[in-house]
Amino acid sequence: MHLAAAMLSSNTKLPLLAVALQSLYGANAAPYTQTRDSLASGTSFDYVIVGSGPGGLVMANRLTEDPDVTVAIIEAGTWPEDSVGNLTTVPGYDASFTMKVPGGTYSPIDWGFDTTPQAAMNGQVMHYPRGKCLGGSTNLNYMAWATTSRGAMDRWADEVGDDSWKYDEVAKYYQKAMNFENPTAGARFANATPAYNPDMIAKGGPVGVTYAQYTWSWASWMATAMQGIGILNTDSFINGALNGSAYNQNTIDHKTGDRVSADRAYLRPYQQRPNLYVFDNTLAEKIVFDGTKATGVQTENSTLTALREVIISGGVFQSPQLLLVSGVGPASLLAQHDIKVVADRPGVGQNLDDQWTVGIGYRVNVETASTLTLPAHTDENVRLFNENQNGPLASAGGEYAGFEKIPDELRANFSAETKEALAKLPEDWPEVEYLSLPAFIGDYATSPQPDDDYNYATILGTIMSQTSRGNVSISSSSMKDHPLINPNYLATQTDLEVAIAIFRRMRQAWSVPELQENLNIGPEYYPGEDVQTDEDIEKLLRSTLSPVSHATSTCKMGQESDPMAVVDSQGRVFGTESLRVVDASVFPFLIPGPAPQAGVYMVSEKIAAAVKAGN
């Protein structure tokens, strides 16, 4: 997270790929594949996929490996570089898309979604970044790559009634997506050398994964802080174990240093397949049904017919929205908007599961991103990245992370309700993540950035054991109107008690003697030492918690006997035929870990294999 990173000047911009796509309209559009005449309304494909995030692109890529299968992708955006240059290419620019304050000027590749007022957070409305481009939110995220815990996937398998979702069964799909490369020897500081189990990595998949060539010095101090409070170093987060601390892997191309988004991994190298069609700048407006069978997708000017299946990969907010406006969802809600009911499924849009984060920051005596844009640094950092894929711009930030169950000394104050809720989690499911950020974060919103020559660092604490659940709804029958997004943050007493413990635990980390004696400059800078009592901390939390954009589960996977389940264990929508959902919305719950990104690739690879096998 380089909150102060400067964009490369026009004369040093990285090369941009020149690509041509089909358009459902626009007579001057260059043909994308061989069949220009196929653009008329009613054009038929074997599969019509809505959305080009990791779910949609994995499905499109794997299905078109068979040259006899035709696939159309409908995407509301276009290539990200056409709108924002190299902001989605250079890892160090990842924070360009982080914005909590609503109502601002959003990036052209951001949908511009805001939450509904959050009842437990003083009625705050927060911006929620989502990618509107080929590759979706993999062009906006912080590039962390990790598996989840074994216990989490075993719980997943139990909930959906399908043992093929157990960790040992899905590990191969994590690996199928992965193409791991070691950082260049000597590129990272010696005390930032990562450890990993070589049996857990894989080569040959589409998604480039590595450890960034550059690591901020603050990350090694974070490792010291984690060790100091008993969160011991472990072998990365790709072996089904999370509790412990390690350097994060990232979706970065080792050779170029660039971000590896879903479009770079699964689309660009394969775009000339004659059976793959991409319709960019095209909004999917409705699923077309014949009775309960999905037969196609309606756009503003055309209808694409699906001979086999319609696959919805619009993401955690727009997949349920598209189902709802098409007649799949709670009958009472559909009636409010005069939408004909195709399938009465009360779980559509429910069960939204998301994390939040809060930080504590200090002035530190090592260089961080706080001074990244000073004239003395900018040109050199650009040179290091362009010539050596190194330097601060090569880092995605958030380099070192630690996971744990809240220790007994802080659990002593938990209520019986909280203890009972946390006891239901698998033994290896962490309750919190701590993350190193080489910058001043504040509350991601109104906290003024320090205007001085100091360097700042932040420890972020992110909940992994949240019990609050939100929802996504609609305000009309049109996809042109934004969905109503209610994450419902901090709505339970359990989440509040865990949040207070997280805050106190981060203070313990900053108080490790090695940091106090050698790193910290002065007292706690943010939020400051006047925040002391549980009441003080609660007041702060309800004002400053920030989303981490990890929402899942609004079309949750489950068993048909569960009225809140939307899809079965293969992503097929209950109550319909020839319709699937493949994206983060089908997670039965948000799995713990540095980020759900790798989990979305895993799910998509697994369901793609099932479709190809005839399931």
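Figured I'd write up the structure that's included with this text. What you are looking at is a predicted structure, and each value in this text was computed from that prediction instead of being measured.

The rules we used
Each chain carries its own residue numbering, running from 1 in the direction its sequence is written. The model is predicted, so local features are restricted to residues of pLDDT at least 70 and side-chain atom pairs to those at 80 or more, both for listing and for counting; the totals for chains, interfaces and linings are taken over all residues. Side-chain figures throughout are based on the complete set of non-hydrogen atoms in the structure, without hydrogens or water. Starting at the N terminus, helices and strands are each numbered in turn, a helix being any DSSP run of H or I of at least four residues and a strand any DSSP run of E of at least two. With C-alpha atoms as the basis for the radius of gyration, the globule rule is written as 2.2 Å multiplied by the number of residues raised to the power 0.38. Note on classification: 1.4 Å probe, protein chains only; a residue is buried when its accessible area is under 20% of the maximum for its type, exposed when over 50%, partly exposed between these limits. A 1.4 Å probe and the Shrake-Rupley method give the accessible areas. Residues count as covered only by the protein chains that appear here. Aromatic pairs are defined between Phe, Tyr and Trp rings, using the six-membered ring for Trp, whenever the two ring centres lie within 6.5 Å; interplanar angles under 30 degrees are classed as stacked, those over 60 as edge-to-face, and all others as tilted. Residues enter a nonpolar core if they are buried and are Ala, Val, Leu, Ile, Met, Phe, Trp, Tyr or Cys, with the set joined through side-chain atoms within 4.5 Å. When checking whether two residues touch, look at their non-hydrogen atoms; a contact exists if any pair is within 4.5 Å. Between any two strands, at least two bridges found by DSSP are needed for them to pair. Each salt bridge in this description consists of a side-chain nitrogen of Lys or Arg and a carboxyl oxygen of Asp or Glu lying within 4 Å of one another. Pairs of N or O atoms within 3.5 Å make up the polar contacts considered here, provided that, within protein, one atom can donate a hydrogen while the other can accept it, and that residues adjacent in sequence are counted only when both atoms are side-chain atoms. Working convention: axes come from line fits to C-alpha atoms, limited for helices to the stretch in contact. Angles between N-to-C directions cover 0 to 180 degrees. For classification purposes, an angle smaller than 35 degrees is called roughly parallel, one larger than 145 roughly antiparallel, one from 65 to 115 roughly perpendicular, and anything else oblique. Under the grouping applied here, Gly and all other residues not named as nonpolar or charged are polar, the nonpolar ones being Ala, Val, Leu, Ile, Met, Phe, Trp, Tyr, Cys and Pro and the charged ones Asp, Glu, Lys and Arg. Here, the term right-handed applies to a crossover whose path from the first strand over the helix to the second runs clockwise when the strands point away from the viewer.

## Notes on the overall build of the chain
At step 1: Helix and strand counts for the chain come out as 15 helices and 24 strands.
At step 2: Taking 25 Å as the expected radius of gyration for a compact globule of 615 residues, we find that the chain reaches 23 Å, a close match to that expectation.
At step 3: Seen through its C-alpha atoms, the chain measures out along the principal axes to roughly 70 × 60 × 45 Å.
At step 4: Here the chain holds 615 residues, and the buried ones make up 63% of them.
At step 5: Entry remark: accessible area of the chain is about 21,500 Å², with carbon and sulfur atoms responsible for 47%.

## Section: the packing of aromatic side chains
At step 1: Scanning all chains against the criterion turns up 24 aromatic pairs.
At step 2: With 6.1 Å between their ring centres and 65° between their planes, Phe189 and Tyr214 make a pair best called edge-to-face. Of this pair, Phe189 sits in the loop between β6 (178-180) and β7 (207-209) while Tyr214 is found in the loop between β7 and α5 (217-228), placing the two residues 25 residues apart along the sequence.
At step 3: Between Tyr266 and Tyr601, the ring centres sit 5.8 Å apart and the planes meet at 20°, which makes this aromatic pair stacked. Note that Tyr266 is positioned in helix α6 (residues 262-266) and Tyr601 in helix α15 (residues 597-612), a separation of 335 residues in sequence.
At step 4: Here the aromatic residues Trp156, Trp165, Trp429, Phe587 and Phe589 are joined through ring pairs into a cluster of three or more.

## Things to note about unusual backbone geometry
At step 1: Residue Pro527 is bonded to the preceding Tyr526 through a cis peptide linkage, with omega at 0°.
At step 2: Along the chain, Pro527 falls in the loop between β22 (520-526) and α14 (534-544).
At step 3: Despite not being glycine, Met143 shows a phi value in the positive range, around 70°.
At step 4: With respect to the helices and strands, Met143 occurs in the loop between β4 (127-128) and β5 (144-145).

## Some details on the nonpolar core
At step 1: Trp156, Trp165, Tyr434 and Trp510 are the most contacted members of the largest nonpolar core, which has 155 residues in total.
At step 2: Counting residues per element, this core draws most heavily on helix α12 (residues 493-510), at ten residues.
At step 3: Discounting residues that sit within four places of it in the chain, Trp156 has contacts with Trp165, Met557, Phe587, Pro588, Phe589, Ile591 and Val603.
At step 4: Of all hydrophobic cores here, the second largest spans 29 residues; its members include Tyr214, Trp216, Phe237 and Ala246.

## With respect to the pairing of strand β18 (residues 432-437)
At step 1: In terms of residue burial, β18 counts as a mostly covered element, since six of its six residues are buried.
At step 2: Here strand β17 (residues 400-404) pairs with β18 via four bridges, running antiparallel. Note on β18: the bridge partner recorded for Glu404 is Val432.
At step 3: Taken together, the six bridges between β18 and strand β19 (residues 455-463) define a ladder with antiparallel strand orientation. Among the inter-strand pairings, Leu435 is bridged to a residue of β19, identified as Leu460.

## Section: the pattern of salt bridges
At step 1: By the definition in use, this model includes 24 salt bridges.
At step 2: Taken together, the shared-partner salt bridges in this structure form one network comprising Arg62, Glu65, Glu605 and Lys612.

## A closer look at the environment of Leu579
At step 1: Positionally, Leu579 belongs in strand β24 (residues 579-581).
At step 2: Overall, the relative accessible area of 2% leaves Leu579 in the buried class.
At step 3: Along the chain, Leu579 and Ile312 lie 267 residues apart, while their C-alpha atoms are 7.7 Å from each other.
At step 4: Contact partners of Leu579, with chain neighbours within four places excluded, come to Ile287, Phe289, Ala294, Val310, Ile312, Leu323, Gly571, Arg572 and Val573.

## Structural notes on α14
At step 1: For α14, every residue scored as buried is listed here: Ile537, Leu540, Leu541, Arg542 and Thr544.
At step 2: Structurally, α14 contributes buried residues whose contacts are with β16 (356-364), α12, β22 and β23 (546-547).

## What to know about the environment of Ala439
At step 1: Note on placement: Ala439 falls in the loop between β18 and β19.
At step 2: Look at Ala439 and you get buried, because its relative accessible area is 4%.
At step 3: The sequence separation of Ala439 and Gln336 amounts to 103 residues, and the corresponding C-alpha distance is 47 Å.

## Describing the side chain of Glu404
At step 1: You can see Glu404 is positioned in strand β17.
At step 2: A distance of 2.7 Å separates the side chain of Glu404 from the side chain of Tyr434, its partner in a polar contact.
At step 3: Setting aside its immediate chain neighbours within four residues, Glu404 contacts Ile231, Asn243, Pro430, Glu431, Val432, Tyr434 and Arg505.

## With respect to the side chain of Ser569
At step 1: In this fold, Ser569 is placed in the loop between β23 and β24.
At step 2: You can call Ser569 buried: its relative accessible area is 12%.
At step 3: A distance of 2.8 Å separates polar atoms of two side chains, one belonging to Ser569 and the other to Asp162.

## Looking at the packing of helix α4 (residues 167-177) against α15
The relative placement of two packed helices is expressed as an angle between their axes plus a distance between the axes.
At step 1: In the contact formed by α4 and α15, the axes pass within 8 Å of each other and the chain directions differ by 105°. When the axes of α4 and α15 are compared, the pair comes out roughly perpendicular. Contact residues: Val170, Tyr173, Tyr174, Lys176 and Ala177 in α4; Ala598, Gly599, Tyr601, Met602, Glu605, Lys606 and Ala609 in α15.
At step 2: Of the residues in the contact of α4 with α15, the class split is eight nonpolar, one polar and three charged.

## Side note on helix α1 (residues 54-63)
At step 1: With ten of its ten residues buried, α1 lies for the most part within the structure.
At step 2: Within α1 the residues assigned to the buried category are Pro54, Gly55, Gly56, Leu57, Val58, Met59, Ala60, Asn61, Arg62 and Leu63.

## A word on the pairing of strand β2 (residues 71-74)
At step 1: Along β2, one buried face is formed by Val71 and Ile73 and the opposite face, lined by Ala72 and Ile74, is buried too.
At step 2: Note that strand β1 (residues 44-50) and β2 share four bridges and pair parallel. Its bridge partner being in β2, Tyr47 is matched across the sheet by Val71.
At step 3: Regarding the hand of the β-α-β motif, the stretch spanning β1, α1 and β2 is right-handed.
At step 4: Note: β2 against strand β10 (residues 276-279), four bridges, orientation parallel. Bridge pairing links Val71 to Leu276 in β10.

## Notes on the packing of α12 against α14
At step 1: Relative orientation of the contacting elements α12 and α14 amounts to 105°, with a least axis distance of 10 Å. When the interaxial angle is binned, α12 and α14 end up roughly perpendicular. For the pair α12 and α14, contact is made by Leu496, Ala499, Ile500, Phe503 and Arg504 and by Asp534, Ile537, Glu538, Leu540, Leu541 and Arg542, respectively.
At step 2: Of the residues belonging to the contact of α12 with α14, the class tally is seven nonpolar, no polar and four charged.

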